[in-house]
Amino acid sequence: MMGALKPSGCGIDIRRHIACEECASNVSGGYDPIMNQVIVCHNTVKSEGMFQGVLTHELIHMFDYCQNDLDFKNLEHLACTEIRAANLGHCSFMSAWINGDAFGFV
Ligand SMILES: [Zn+2]
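These numbers were taken from a predicted model, which means no experiment stands behind them.

Draft legend 1. Spotlight on the sheet that holds strand β3 (residues 37-41). An order of β1-β3-β2 is seen for the 3 strands of this open sheet, with the pairing classed as mixed. Taken across any chain shown, the strands that pair with only one partner, and hence form the sheet edges, are β1 (18-21) and β2 (29-32). With direction set aside, neighbouring strand axes in the sheet form an average angle of 25 degrees. For β2 and β3, the ladder comprises 4 bridges, and the chain directions are antiparallel. Residue pairing across strands places Gly 30 opposite Ile 39, the latter belonging to β3. Sheet strands in contact with helix α3 (residues 48-67) are β1, β2 and β3, and its direction is about 160 degrees off that of β3.

Draft legend 2. Structural view of the state of the cysteines. Counted under the stated rule, the structure contains 2 disulfides. Two residues share a disulfide in this structure: Cys 10 and Cys 66, whose sulfurs sit 1.8 Å from each other. In this structure the cystine formed by Cys 10 and Cys 66 twists about its S-S bond by roughly -85 degrees; its chirality is therefore left-handed. Of this pair, Cys 10 sits in the loop between α1 (2-5) and α2 (14-17) while Cys 66 sits in helix α3, and the two are 56 residues apart along the sequence. A relative accessible area of 37% places Cys 66 in the partly exposed class. You can see Cys 20 has no disulfide; the closest cysteine sulfur is in Cys 41, sitting 8.9 Å from it. Of the residues examined, Cys 20 reaches a relative accessible area of 54% and is grouped as exposed.

Draft legend 3. Spotlight on the coordination of the zinc ion. The coordination sphere of the zinc ion, as far as protein atoms go, consists of His 57 (NE2), His 61 (NE2), Glu 82 (OE) and Glu 82 (OE), spread over 1.9 to 2.5 Å. Its 4 donor atoms give the zinc ion angles of 56 to 153 degrees at the centre, a pattern that matches the irregular case. By relative accessible area, which is 24% here, Glu 82 ends up partly exposed.

Draft legend 4. Spotlight on unusual backbone geometry. Located in the positive-phi region is Asn 36, a residue other than glycine, with phi close to 50 degrees. With respect to the element layout, Asn 36 can be found in the loop between β2 and β3. For Asn 36, a relative accessible area of 25% puts it in the partly exposed group. Phi at Asp 69 takes a positive value of approximately 55 degrees, unusual for a residue other than glycine. Since its relative accessible area comes to 64%, Asp 69 is described here as exposed.

Thresholds, definitions, all that
- Residues numbered from 1 in each chain as written.
- Predicted model: local features only at pLDDT ≥ 70, side-chain atom pairs only at ≥ 80, totals over all residues.
- Heavy atoms only, no water.
- Pairing = 2+ DSSP bridges.
- Helix = DSSP H or I, 4+ residues; strand = E, 2+ residues; numbered from the N terminus.
- Axes fitted to C-alpha atoms, helices over the stretch in contact; angles between N-to-C directions.
- Contact = heavy atoms within 4.5 Å.
- Disulfide = S-S within 2.5 Å.
- Buried < 20%, exposed > 50% of the residue type's maximum accessible area, 1.4 Å probe, protein only.
- Donors = N, O, S within 2.8 Å, 3.2 Å for Na, K, Ca; no water.
- Tetrahedral: all angles 85-135°; square planar, octahedral: opposite > 155°, others 65-115°.

If you want it as structure tokens, here you go:
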């Protein structure tokens, strides 16, 4: 994803655009379009695989926001980016369910 962001004019600096924060127990990560920052929750992400899944999912939101003029207040846009992130990231609702993060992404 990071390789796709830069050529699309959406350069990413790991130190600036990715943050680890403490989150509510039912959240594993998020994308903040105001700060243009991906957040990975250090208190709920418990494995490398889960970290990779959260990071991929949120970077897809970052890509969509930058490249596709995503409006998070538009429900059709939100549905579209969530479907893309699920399909390209963790592949299925069942895998997210098994990992315990089916409802934790934003
Ligand atoms: Zn999402």
